[in-house]
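# Overview (structure and organization)
One letter stands for each residue in the lines below.
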Amino acid sequence: MPDMLGKTLGSRFTLDEQLTEGLYTQVFRVTDLTTQALLRAHIVPHAVVEQLGSFDRLRDTLKPAQAMKHDHLVPIREISALDAQIVVVQDYIAARTLNDLLRSAAQAIDPKPLLTHIVPVAAALHAAHAQNVVHGGIRPEVFLLDEDGSLHVADMGIANAVIASSGTTTLTPQITPYTAPELLDGTRAEPAADVYGFGAVLYHLLTGHAPFDDDTQLAEAIKYAVIKSPRAHRP
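With antiparallel pairing, the six strands of this open sheet are ordered in space as S1-S2-S3-S4-S6-S5. Taken across any chain shown, the strands that pair with only one partner, and hence form the sheet edges, are strand S1 (8-9) and strand S5 (76-82). The sheet contact formed by strand S3 (residues 26-32) and strand S4 (residues 37-44) spans seven bridges and is antiparallel. When the sheet's bridge partners are listed, Phe28 is paired in S4 with Ala41. Along the sheet, helix H2 (residues 55-67) contacts S5 and strand S6 (85-91); its crossing angle with S5, the most-contacted strand, is approximately 175°.

Strand order in this open sheet of three strands is S7-S8-S9, and the pairing throughout is antiparallel. Edge positions in the sheet fall to strand S7 (96-97) and strand S9 (151-153), since each of these pairs with one other strand and no more. Here S7 pairs with strand S8 (residues 143-145) via two bridges, running antiparallel. Its bridge partner being in S8, Arg96 is matched across the sheet by Leu145. Against the sheet, helix H4 (residues 111-130) touches S8 and S9, its axis set at about 25° to S9.

The rules behind the values
Residues numbered from 1 in each chain as written. Predicted model: local features only at pLDDT ≥ 70, side-chain atom pairs only at ≥ 80, totals over all residues. Heavy atoms only, no water. Pairing = 2+ DSSP bridges. Helix = DSSP H or I, 4+ residues; strand = E, 2+ residues; numbered from the N terminus. Contact = heavy atoms within 4.5 Å. Axes fitted to C-alpha atoms, helices over the stretch in contact; angles between N-to-C directions.

Nothing here speaks to function; it is all geometry.
So this is what it looks like as structure tokens:
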């Protein structure tokens, strides 16, 4: 995706800062020019848009996630098509991510205060799963720690909705040390994949190390997780 900082989409959202990369999106802090509110916006790249069934399909697939209300889930405000871009808009929280926390920690983090923050977001994930809303991209970057010390889950359901909207096209997933093995072929996530990712994030927080510390270990894990069909060898 070309550099979009400073651009305005639909005469409405000015892209102020790139916050991170989603599994299938670029995530920006934007200013809503109609209200001057700061928001978190996912921009779906053209390469992914071309593989989606339609904008309407993505919007409809995201409706359950948009309807979710929980104190520890960052809500989705709207899904729009602006200037040939698909934009998924959430509330913006000025916060550190757990990834920032892990980078600044010289060693494993004390688990006792950690549990105070973790239990509510575990409850938030459980509530989402009860409504058939699955994140599909759990990793430290999606956990936002605000100024009051509360932890929030961002981007709930967005990655999974993009996969579901791609129809028969298989999207290439972004593999992380927190990716459940069953997602390595780009299939839609089930709640178990979020549980796996959440456990992998906890492992990193408690030990100071990701489940796979380097690309070699991750590649080895992927090699054994992705098993070819017997027909690949004996058609």
